Amino acid sequence: MGYAGLTAERLARAGAELADEVGFEQVTVSELARRFDVKVASLYSHLKNSRDLKTRIALLALEELADRAAEALAGRAGKDALTAFGHVYRDYAREHPGRYAAAQFRLDPKTAAASAGGRHAQMTRAILRGYDLAEPDQTHAVRLLGSVFHGYVSLELAGGFSHSSPDSEESWSRALDALDALLRNWPAA
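Reading the values: rules and limits
Position numbers for residues start from 1 in each chain and track the written sequence from start to end. Only residues with pLDDT of at least 70 are given local features in this predicted model, and only at 80 or more are side-chain atom pairs given and counted; all residues enter the totals for whole chains, interfaces and linings. Side-chain numbers here rest on the full set of heavy atoms in the structure, without hydrogens or water. Residue types Ala, Val, Leu, Ile, Met, Phe, Trp, Tyr and Cys, when buried and joined through side-chain atoms within 4.5 Å, form a set referred to as a nonpolar core. Buried means the residue's accessible area, taken with a 1.4 Å probe over protein chains only, is under 20% of the maximum for its type, while exposed means over 50%, and partly exposed covers the values in between. A run of H or I in DSSP counts as a helix once it spans at least four residues, and a run of E counts as a strand once it spans at least two, with each numbered from the N terminus. We call two residues in contact whenever any of their non-hydrogen atoms come within 4.5 Å of each other. Stacked, tilted and edge-to-face are the three classes assigned to paired rings of Phe, Tyr and Trp, where Trp is represented by its six-membered ring and a pair needs centres within 6.5 Å; plane angles under 30 degrees give stacked, over 60 edge-to-face, the rest tilted. Only when the NZ atom of a Lys or the CZ atom of an Arg is both within 6 Å of the ring centre and within 35 degrees of the ring normal do we say a charge sits over the ring. Angles shown run from 0 to 180 degrees and are taken between the N-to-C directions of axes, each axis being a line fitted to C-alpha atoms and, for helices, limited to the stretch in contact. Left-handed is the label given to a crossing in which the near helix is rotated counterclockwise from the far helix by less than a right angle, and right-handed is the label when the rotation is clockwise. For this classification, Asp, Glu, Lys and Arg are treated as charged, while Ala, Val, Leu, Ile, Met, Phe, Trp, Tyr, Cys and Pro are nonpolar and the rest, including Gly, are polar. Any carboxyl oxygen of Asp or Glu that lies within 4 Å of a side-chain nitrogen of Lys or Arg is treated as forming a salt bridge with it. Polar contacts, as used here, are pairs of N or O atoms within 3.5 Å; protein pairs need one atom able to donate a hydrogen and one able to accept it. Residues neighboring in sequence count only if both atoms are side-chain atoms.

Draft legend 1. Inspection of the nonpolar core at higher detail. Ranked by internal contacts, the top residues of the largest apolar core, which has 55 residues, are Leu32, Leu43, Leu82, Phe85, Leu128, Phe149 and Leu183. Going through the elements one at a time, α1 (8-22), α2 (29-36), α4 (50-73), α5 (78-95), α6 (97-103), α8 (117-129), α9 (137-157) and α10 (168-184) are the ones with two or more residues in this core. It is α4 that contributes the most residues to this core, eleven residues altogether. The contacts of Leu183, once residues within four sequence positions are left out, are Leu82, Leu128, Tyr131, Leu133, Ala141 and Leu145.

The following block contains the structure:
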């Protein structure tokens with residue numbers, strides 16, 4: 001039986017849930033149609049194709065992540081803000097691995113510019129104001145933080161740290177300490 005009340009937003013949310021269950025790469029319009037017990041063709045009145053669905057899931061994930069980060073950063077500065085920001089990304093990835101993967105989905109330039117991705121960059125730069133970095137060092141630091149957060153989280157989710165000591169929680173804490181120390185003592189060009 002068909003599912004009434006389908007909208008592009010509802011399909012994106014269902015796609016995000018599906019991504020968390022089976023992985024972002026496995027999300028298709030066909031699989032979503034099976035979830036709603038409707039014909040694939042009926043979803044095409046709301047979605048253009050699987051790329052459109054994945055883009056919508058990516059936009060949803062970026063928005064959710066930006067909202068969490070903004071809430072976590074409110075009233076914080078320096079290392080406290082850096083640590084809160086890192087924890088938001090790591091916690092989101094653990095709770096929503098498919099959505100986290102979606103947040104890495106390559107968007108076209110126009111869609112990316114209109115997405116919450118810009119908020120992520122602004123928040124990262126706001127954290128870095130507490131470290132008094134001027135350009136181009138600030139951009140280098142934004143890239144470094146993104147690389148460390150994403151790299152650590154991706155390796156951890158893939159089980160890369162589960163077979164050795166010390167515990168990954170300890171390494172995460174040490175990585176945040178090291179980032180703070182590096183940002184406070186940024187090397188001269």
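Now, onward.
Draft legend 2. Representation of the packing of aromatic side chains within the structure. Counted by the stated rule, this structure contains seven aromatic pairs. Ring geometry for Phe85 against Tyr89: centres 5.0 Å apart, planes inclined by 70 degrees, an arrangement best described as edge-to-face. Taken together, the positions of Phe85 and Tyr89, both in helix α5 and four residues apart, correspond to about one turn of that helix. By relative accessible area, Phe85 is classed as buried at 2%. Classification of Tyr89 as buried rests on a relative accessible area of 13%. Ring centres of Tyr152 and Phe161 lie 4.7 Å apart, and the angle between their planes is 40 degrees; this geometry places the pair in the tilted category. Here the guanidinium or amino end of Lys54 rests over the ring plane of Phe24, the centre of that ring lying 5.1 Å away.

Draft legend 3. Up close: the packing of α5 against α9. Contact pair α5 / α9: the axes reach a minimum separation of 10 Å and the direction vectors enclose 35 degrees. Considering how the two elements wind past one another, α5 and α9 form a crossing that is right-handed. From α5, Leu82, Phe85, Gly86, Tyr89, Arg90, Ala93 and Arg94 reach across to α9, where they touch Leu145, Phe149, Tyr152, Val153, Glu156 and Leu157. Residues of the contact of α5 with α9, tallied by class, amount to nine nonpolar, one polar and three charged.

Draft legend 4. Highlighting the pattern of salt bridges. Under the defined criterion, the tally for this structure stands at 20 salt bridges. Note that Glu21 and Arg35 form a salt bridge whose closest N and O atoms lie 2.8 Å from each other. Of this pair, Glu21 sits in helix α1 while Arg35 sits in helix α2, and the two are 14 residues apart along the sequence. As a salt-bridge pair, Asp80 and Arg76 come within 3.2 Å of each other at their nearest N and O atoms. Here the residues in one salt-bridge network are Glu9, Arg13, Asp20, Glu64 and Arg99, joined through shared partners.

Draft legend 5. Focus on the side chain of Gln138. Here Gln138 is to be found in helix α9. For Gln138, the side chain forms a polar contact with the side chain of Arg125, separated by 2.7 Å. Filtering out sequence-adjacent residues up to four positions away, Gln138 remains in contact with Arg125, Leu128 and Leu133.

Draft legend 6. Looking closely at the environment of Glu64. Along the polypeptide, Glu64 turns up in helix α4. Residue classification places Glu64 among the buried positions, given a relative accessible area of 18%. As a C-alpha pair, Glu64 and Arg99 span 35 residues in sequence and 9.3 Å in three-dimensional space. Residues in contact with Glu64, not counting those within four places in the same chain, are Arg13, Tyr92 and Arg99.

Draft legend 7. Highlighting unusual backbone geometry. Cis peptide bonds are those with omega within 30 degrees of zero, and the linkage from Glu135 to Pro136 qualifies with 0 degrees. Along the polypeptide, Pro136 turns up in the loop between α8 and α9. Ser165 connects to Pro166 through a cis peptide bond whose omega is 0 degrees. Mapped onto the elements of the fold, Pro166 is located in the loop between α9 and α10. Of note in the backbone geometry, Asp37 takes a positive phi value of approximately 55 degrees without being a glycine. A positive phi angle, close to 55 degrees, is found at Asp132, a residue other than glycine. In this fold, Asp132 is placed in the loop between α8 and α9. Its relative accessible area of 71% is what places Asp132 among the exposed residues.

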